[in-house]
Amino acid sequence: MSTTIREQLRSLSFLEGLTDTALHQLSRLVKPAEYECDALLFTEGTERTLLAIVVSGAVAIEKQINGRPIRLATLGAGEGVGEGLLLDDSTHGTTARALTDTSVLEISREQVAEMIRETPTLYAALVGRAARAISQRLSAVDATMVGRGRALGFGGRHVRVEHDLLGEREVPDDALYGVQTLRALENFPITGVPLREFTSLIEALAAVKEAAALANAELGLLPQETADLIARAAREIRGGRHHEHFIVDMIQGGAGTSTNMNANEVIANRALELSGRARGEYQFVHPNNHVNLSQSTNDVYPTAMKLALHSQIEELRRAMSELAAAFLAKGDEFSPFIKMGRTQLQDAVPMTLGQEFTAFGHTMLEDVQRLEEAQALIREINMGATAIGTGITAPAGYAEAVRKHLSRITKLELITAPDLVEATADTGAFVQLSGVLKRCAVKLSKICNDLRLLASGPRAGLGEIDLPAMQPGSSIMPGKVNPVIPEVVNQVCFDVIGGDLTVTIAAEAGQLQLNVFEPVIAFRLLAGIFSLTNACVVLRERCVEGISANPDRMRQFVERSVGIITALVPVLGYDTATEIAREALASGRGVYELVLSRGLMTREELDRALNPETMTQPQSTAAAPAAR
């Protein structure tokens with residue numbers, strides 16, 4: 001057995017250059033182990049217990065980024081996994097997952113300790129190889145950890161040759177995408193925002209591909225084994241894996257074909273891995289022939305857009321509901337505090353601060369309802385339309401079969417459009433949604449304007465409320481604190497409002513049987529919803545929940561305002577009230593003071609007349625008012 005292991009060790013590139021003596025010493029330490037596809041060798045954050053050298057198969061090195069696993073590297077035969085065991089006692093910084101059935105030779109922590117005692121020369125040789133391998137791997141991680149301004153794509157020494165209509169190209173072997181994605185990467189360096197930034201769209205594309213594979217198998221067009229592999233790969237993507245391979249720019253020519261092919265190629269290559277085959281062996285699972293069977297970009301892309309938008313709208317509705325609840329809670333807290341209401345930036349009539357904040361909450365809840373209505377519109381899909389809505393290349397029964405599977409996968413009551421030709425050319429649902437988002441943004445921005453006005457000062461402005469201080473406000477003026485949270489939400493709202501014009505123009509520019517500008521529509525809508533959702537969360541957590549009132553200042557404004565005379569008309573009569581108002585304006589004295597000095601009312605009578613409970617009619621905070 002030792003001789004067999006020694007021969008295996010001799011063939012492994014990780015150990016290249018070791019002497020026969022060193023290989024013999026190592027053969028007595030390593031133990032063979034087998035891992036099934038998807039089995040974990042070790043997990044991020046756990047104690048280091050093993051170093052493995054891959055004999056056959058493949059291992060993915062993954063790291064959790066923003067809650068989802070990102071593949072940093074793919075290791076094959078001859079490469080080491082978990083070499084950090086030789087270098088220090090820290091926990092694993094990554095997760096190692098078998099991509100196929102994989103054979104390895106393992107060294108445990110205890111055996112490393114034995115090596116240090118008994119064969120320090122061997123240990124030193126392995127440490128050098130481990131350091132070199134880790135260094136090379138880190139230099140390749142650039143492809144999966146890129147930020148704005150850094151090159152996209154996968155590197156590495158190993159490539160595979162793929163071909164398409166335009167000829168052959170070398171594709172990095174670490175990449176799950178293929179030649180058509182590579183061309184799109186080169187052709188569309190536009191926004192610097194790749195598809196992988198929009199996880200909801202990636203997961204929606206995967207759901208569509210899974211449903212299509214199952215429908216094709218059900219109708220006898222696709223072997224069940226192939227359909228199962230495609231579905232399994234798609235489910236991994238829906239679970240958050242492999243998103244780093246979705247690298248095409250969000251804005252692209254071709255009506256979304258590059259995005260569709262990016263999904264087709266990633267799923268095909270992952271399906272090949274799951275079957276124990278090499279990436280690029282498309283004769284077994286083909287991006288077009290199998291993953292894209294019975295489909296076109298023109299039904300896949302808009303359907304995936306709608307599914308992604310639906311899930312993101314749900315998050316926005318939740319964030320807006322929570323923000324509305326925070327405003328309503330402040331409405332209850334501030335209900336005892338009388339203040340002046342204002343119209344046209346002039347004193348109007350008294351109200352309570354609680355009424356003002358309750359109104360903020362109710363206006364937000366109105367738009368939560370409008371978003372729900374927009375969601376209902378985008379649950380109509382055009383799967384089965386293929387290129388222009390005629391269903392060419394899709395078999396009879398496919399549209400209903402794919403709708404059924406997609407509804408089950410997404411847990412949404414999807415319906416197939418009654419006229420697929422109309423549905424393929426029409427972008428009306430996106431225009432409708434964009435208009436609702438603009439409405440949300442306009443109203444939210446108005447609320448932020450009000451918060452900034454109410455908190456202005458703090459001594460030379462209104463100063464009726466205090467916003468939580470988040471950061472120093474000036475590089476030159478000591479003590480200045482700015483309303484930075486409402487300001488940033490204002491800017492998000494401006495962006496969403498401007499995005500509505502982009503969506504409108506792009507929808508209008510569609511021609512004949514297809515709108516080729518859906519990529520920019522998707523980009524603006526998905527980005528707008530994402531930003532607006534975050535803005536609602538930030539406004540609630542870092543502003544609204546910490547707002548405090550200045551009741552004495554508000555009361556002072558009320559007592560000096562001419563506007564409170566309106567509340568006294570039922571007691572004094574219109575003519576007397578008008579005379580008091582005229583004198584107040586001419587003399588600069590307050591209505592409160594004049595009424596008392598003339599003996600028209602006692603202080604108790606005046607306070608009772610100006611009591612918030614008798615002077616105003618607070619609205620219930622139990623439910624939003626009827627939609628207008």
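Parameters at a glance
- Residues numbered from 1 in each chain as written.
- Predicted model: local features only at pLDDT ≥ 70, side-chain atom pairs only at ≥ 80, totals over all residues.
- Heavy atoms only, no water.
- Helix = DSSP H or I, 4+ residues; strand = E, 2+ residues; numbered from the N terminus.
- Rg over C-alpha atoms; globule rule 2.2 N^0.38 Å.
- Buried < 20%, exposed > 50% of the residue type's maximum accessible area, 1.4 Å probe, protein only.
- Contact = heavy atoms within 4.5 Å.
- Lys, Arg positive; Asp, Glu negative; His and termini not counted.
- Charge placed at Lys NZ, Arg CZ, Asp CG, Glu CD.
- Phe/Tyr/Trp six-rings, centres within 6.5 Å; stacked < 30°, edge-to-face > 60°.
- Lys NZ or Arg CZ within 6 Å of the ring centre and 35° of its normal.
- 1 Å grid on protein atoms, 1.4 Å probe; cavity = no way out; pocket = protein on both sides within 12 Å on 5 of 7 lines; lining within 4 Å.
- Points joined across faces, edges and corners; volume = space filled by probe spheres on them.
- Pairing = 2+ DSSP bridges.
- Axes fitted to C-alpha atoms, helices over the stretch in contact; angles between N-to-C directions.
- Expected span 1.5 Å × (residues − 1).
- Parallel < 35°, antiparallel > 145°, perpendicular 65-115°, else oblique.
- Left-handed = near helix turned anticlockwise from the far one by under 90°.
- Nonpolar A, V, L, I, M, F, W, Y, C, P; charged D, E, K, R; others polar.
- Salt bridge = Lys/Arg side-chain N within 4 Å of Asp/Glu carboxyl O.
- Arc of directions from axis to C-beta.

(A) How the structure looks around the overall build of the protein. Within the protein, the regular secondary structure consists of 22 helices and 16 strands. Rg of the C-alpha trace for the protein: 33 Å, well past the compact-globule value of 25 Å for 628 residues, more than 25% over. Considered along the principal axes of its C-alpha atoms, the protein spans approximately 115 × 70 × 40 Å. Relative to its 628 residues, the protein shows a buried fraction of 52%. Long-range contacts, defined as pairs at least 24 residues apart, comprise 74% of the intrachain contacts of the protein with a sequence gap of at least 6. Across the protein, the mean location of the 60 positive side-chain charges is 3 Å away from that of the 76 negative side-chain charges.

(B) Quick look at the packing of aromatic side chains. Evaluated as defined, the whole model comprises six aromatic pairs. Here F198 and F523 contribute two aromatic rings whose centre-to-centre distance is 6.1 Å and whose plane-to-plane angle is 80°, an arrangement assigned as edge-to-face. Placement of the pair is F198 in the loop between α5 (179-187) and α6 (199-218) and F523 in helix α16 (residues 518-542), with a sequence separation of 325 residues. Of the two residues, F198 and F523, both sit in the buried class. Aromatic side chains F327 and F357 sit 6.1 Å apart centroid to centroid with 50° between the ring planes, which places their arrangement in the tilted category. In this pair, F327 sits in helix α10 (residues 297-333) while F357 sits in helix α11 (residues 353-377), placing the two residues 30 residues apart along the sequence. For the pair shown, F327 and F357 are each scored as buried. Through successive ring pairs, a cluster of aromatic residues spans F327, F334, F337, F357 and F360. Positioned over the ring face of F284 is R277, at 3.9 Å from the centre of the ring. One cation-aromatic arrangement involves K306 over F430; the distance from NZ or CZ to the ring centre is 5.9 Å.

(C) Broad picture of empty space enclosed by the protein. A complete count under the given rule lists two cavities of 30 Å³ or more for this structure. Space inside the largest cavity adds up to approximately 50 Å³. The wall of the largest cavity is formed by S434, L437, V496, G499, D500, V503, R524, L525 and G528. With four residues, the single largest contributor to the lining of the largest cavity is helix α15 (residues 484-508).

(D) Focus on the sheet that holds strand β6 (residues 80-81). Here four strands make up an open sheet; going across it, the order is β1-β8-β3-β6 and the pairing antiparallel. Each edge of the open sheet carries a strand with a single partner, namely β1 (31-35) and β6. Sheet topology places strand β3 (residues 50-56) next to strand β8 (residues 102-108); six bridges connect them, and they run antiparallel. When the sheet's bridge partners are listed, L51 is paired in β8 with I107. Taken strand by strand, helix α3 (residues 109-118) contacts β1 and β8, and its axis lies near 55° from that of β8.

(E) Inspection of helix α8 (residues 257-274) at higher detail. Its 18 residues give α8 an end-to-end C-alpha distance of 25 Å, which sits within 8% of 26 Å, the value for a rise of 1.5 Å per residue. Backbone geometry just downstream of α8 places G276 in the positive-phi region, at approximately 85°.

(F) Focus on the packing of α10 against α11. It is at 7 Å that the axes of α10 and α11 come closest, and there the two elements cross at 165°. Here α10 lies roughly antiparallel to α11, going by the angle between them. The way α10 lies across α11 gives a crossing that is left-handed. Here the residues of the contact of α10 with α11 sort into 13 nonpolar, eight polar and five charged.

(G) Local environment of the pattern of salt bridges. By the definition in use, this model includes 41 salt bridges. Where D38 meets R232, a salt bridge forms, and the shortest distance between an N and an O atom there is 3.7 Å. Note that D38 is positioned in the loop between β1 and β2 (40-42) and R232 in helix α7 (residues 224-238), a separation of 194 residues in sequence. In this structure R232 comes out as partly exposed when scored by relative accessible area, which is 30%. Each of D38, E62, R97, R160, E162, D173, R232, E236, R241, R270, E273 and R279 takes part in salt bridges that share partners, so that together they form one network.

(H) Here's a closer look at helix α18 (residues 565-572). Those residues of α18 not exposed but buried are I565, A567, L568 and L572. Projection of α18 onto a plane perpendicular to its axis shows the buried side chains occupying an angular sector of 145°, all on one side. One or two positions beyond α18, positive phi appears at G573, with a value near 90°.

(I) Structural detail: the pairing of strand β7 (residues 95-98). Burial of β7 is two-sided: the residues T95 and R97 facing one way and the residues A96 and A98 facing the other way are all buried. With two bridges connecting them, β2 and β7 associate as antiparallel partners. Pairing of L40 across the sheet is with R97, part of β7. Judged from the four bridges that link them, strand β4 (residues 59-65) and β7 form a sheet pairing that is antiparallel. Across the sheet, E62 pairs through a bridge with T95, a residue of β7.

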